[in-house]
Amino acid sequence: MRTRVQAALLLFVVIAVAAFAVPLLLFTASDRTQQLVLARSADLDRFAALMDQAAATGDTSAVAAEARRYTELYGEPLVVTDTRRRTVVQTGGMRAADPAVARLLDAALRNQTEHPSGALRPWSRGHRMFAEPAGTGTRVSGAVVLRASVGTAADEITRRWAAVLAGAALVAVACAVLAQAATGWVVSPLRRLDRAVGQLAAGLPPEQTRAGGPPELRQLAIGFNRMARTVTAALEQQRRLVADTSHQMRNPMAALRLRVDALHTHLAPSGERTYTGVTAELDRLETLLDDLLALATAEHRAGELAMTHGPDVHCDAAAVAADRHRLWEPVAARAGARLALTSAAPPLPAACTDRELAQIADILLDNAIKYAGEGAEISLDCASGAGSEPGSRSESGSGSVVLTVTDDGPGLGTDELALATTRFWRAGHQRENRTAGTGLGLAIAEQLLAGRGGRLELTAARPHGLRARAVVPRAAAGRAAGTGGRDERGGAAGIGGRGAPGDPGGTGRRHEPGEAR
């Protein structure tokens, strides 16, 4: 914005200075040209008067002598003739027989005055021709032609133009400095406000905006600081409520589980079904608390990365995919599904930590195994993408890494695909089949990807099924070479270590397929 405002002000300054300087330059040139014409016209009037006296007396010696002295003094030649075109005097090598001179003499003998038209310029060189008749207004007694040099006048115009241009340049520089100061006075508070708004939008505590600039902007900054404190406090309370609630409820949940397990040995066979339902609900609540904590942490981390871009992290996506395939293949087999790895072996540097990518893969694989059904074919693929989403923070700008999980299960409808990443949303057939789940897994994956400038894409597979693509910006090859995937401490997935199969929240608890996630 500062550049655009300065450009507009500078354009106005240039136009204003040009509107003042150009007419002044033209006026100085025209004025000096007029001075030259008036001076030479006065000289011609003097010679015309001498020629008129010579015609009356018959003595041309005075006009001849005066013409020679004039040429010797100023270096400008003259030609004087009588009414019969007989040469009275010609000096400086100019002859009455020259075509240009003869034309002017004819005009003067017809009682016509010839003066040059057009203003001089600094680059004007050569001479200008002047012609004037001798005699009265009704009687012509001769003609005078003068060839005047314009070099001196052009040099003076050059000096005047240089002074005008130097003054215009000083005015332009002064106006530019004032424009820059005025722009900074107005725009600097706006830039501080913009930075604070970005931090607030990312869920981070914004820095206090220093009030400055015009009174309106100072009032705006004061009002924004007041609003930011209120919003930040509310967001922090909400974040702490979610995190503290999920954290603090673990101990009561664990104590409740111990008591329920202790009661199991004292239950009659008729209470076995109730006991199974209670333990299932406890499992679901524990998983829900874990996912809520994981989602809160992922959202907070995504906001931080949106503003700071985070440290320089990268991992080998192909190695992470192979590791997750190795861990999830037996889980899929126990669920009656088949999990195949179709990605290539070469390293694929992705701009995220291996813990984050592993958590994303766990979520996608857990969903595929859980919802595709028995006998499903599930494929895990990791490949290089054609390009990054516009605005993503790819370190090399050379594309993206895509982790794809595809199944041939029932899939989702077009309307359901648009709702799949909504928190706590579950498809109709999942609720009807009472399939375990909290509806938070894809929301967590989406937040983890958004924090690294990536995205989650859900599309229908052919002929049926679901294809989930986790697109991550590709890391620079030179930085990722030989690292084997570098972990970032305190990353979004770092809640309690890398999750085990069935535990995509990363809490360290191992769940079997079909258990609430």
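For clarity, every value in this text was computed on a predicted model and none was experimentally measured.

What about the sheet that holds strand E10 (residues 455-460)?
Now for step 1: Reading across from one edge, E6-E8-E9-E11-E10 is the order of the 5 strands in this open sheet, with mixed pairing throughout. Of all the strands in the sheet, just strand E6 (338-341) and E10 have a single pairing partner and so form its edges. Adjacent strand axes in the sheet meet at a mean angle of 15 degrees, parallel and antiparallel pairs treated alike.
Now for step 2: Sheet topology note: the E6/strand E8 (residues 377-385) ladder contains 4 bridges and is parallel. Looking across to E8, one finds that leucine 341 is bridged to leucine 380.
Now for step 3: Sitting on the sheet, helix H8 (residues 317-334) is in contact with E6, E8 and strand E9 (400-407), with an inclination near 165 degrees to E6.
Now for step 4: Across the sheet, helix H12 (residues 441-451) touches E10 and strand E11 (466-473), and the angle it forms with E10 is around 135 degrees.

Section: the sheet that holds strand E1 (residues 78-82)
Now for step 1: If you trace the 4 strands from one edge of the open sheet to the other, you get E2-E1-E4-E3, paired in antiparallel fashion. For this open sheet the edge positions go to strand E2 (87-90) and strand E3 (127-135), each flanked by a neighbour on one side alone. Between one strand and the next, the sheet's axes are offset by a mean angle of 10 degrees, whatever the strand orientation.
Now for step 2: Both E3 and strand E4 (residues 140-149) contribute to a ladder of 9 bridges, which runs antiparallel. Along E4, the bridge assignment pairs phenylalanine 130 with leucine 146.
Now for step 3: Lying over the sheet, helix H2 (residues 61-74) contacts E1, E2 and E4, oriented at roughly 20 degrees with respect to E2.

A short note on the confidence of the model for the protein
Now for step 1: Looking at the protein, pLDDT values average 79 and 81% of them are 70 or higher.
Now for step 2: Contacts of residues 387-397 to residues separated by more than four positions or lying in other chains number 30 contacts, the stretch itself having pLDDT below 50.
Now for step 3: Between residues 480-500, whose pLDDT stays under 50, and residues either more than four places distant or in other chains, the model counts 54 contacts.

Concerning the packing of aromatic side chains
Now for step 1: Under the criterion given, the structure shown has 3 aromatic pairs.
Now for step 2: Ring centres of tryptophan 123 and tryptophan 161 lie 6.0 Å apart, and the angle between their planes is 80 degrees; this geometry places the pair in the edge-to-face category. Of the two residues, tryptophan 123 is situated in the loop between helix H3 (99-109) and E3 and tryptophan 161 in helix H4 (residues 151-201); the sequence distance between them amounts to 38 residues.
Now for step 3: Taken together, the ring pairs in this structure connect Phe47, Tyr70 and Tyr74 into an aromatic cluster.
Now for step 4: Against the face of phenylalanine 47 rests arginine 46, its NZ or CZ located 5.8 Å from the ring centre.

Looking at the nonpolar core
Now for step 1: By size, the foremost hydrophobic cluster in this structure holds 49 residues, and its most contacted members are Leu357, Leu364 and Leu403.
Now for step 2: If you list the elements that add at least two residues to this core, you get helix H7 (272-308), H8, helix H9 (354-372), E8, E9, H12, E10 and E11.
Now for step 3: Apart from residues no more than four positions distant in its own chain, leucine 403 is found in contact with Ala321, Leu357, Ala361, Leu380, Asp381, Cys382, Ala468, Arg469 and Ala470.
Now for step 4: Residues Ala48, Val80, Val89 and Ala148 belong to the second largest nonpolar core, which totals 19 residues.

Rules used in this analysis
- Residues numbered from 1 in each chain as written.
- Predicted model: local features only at pLDDT ≥ 70, side-chain atom pairs only at ≥ 80, totals over all residues.
- Heavy atoms only, no water.
- Pairing = 2+ DSSP bridges.
- Helix = DSSP H or I, 4+ residues; strand = E, 2+ residues; numbered from the N terminus.
- Axes fitted to C-alpha atoms, helices over the stretch in contact; angles between N-to-C directions.
- Contact = heavy atoms within 4.5 Å.
- pLDDT = per-residue confidence, 0-100.
- Phe/Tyr/Trp six-rings, centres within 6.5 Å; stacked < 30°, edge-to-face > 60°.
- Lys NZ or Arg CZ within 6 Å of the ring centre and 35° of its normal.
- Core = buried A, V, L, I, M, F, W, Y, C linked by side-chain atoms within 4.5 Å.
- Buried < 20%, exposed > 50% of the residue type's maximum accessible area, 1.4 Å probe, protein only.

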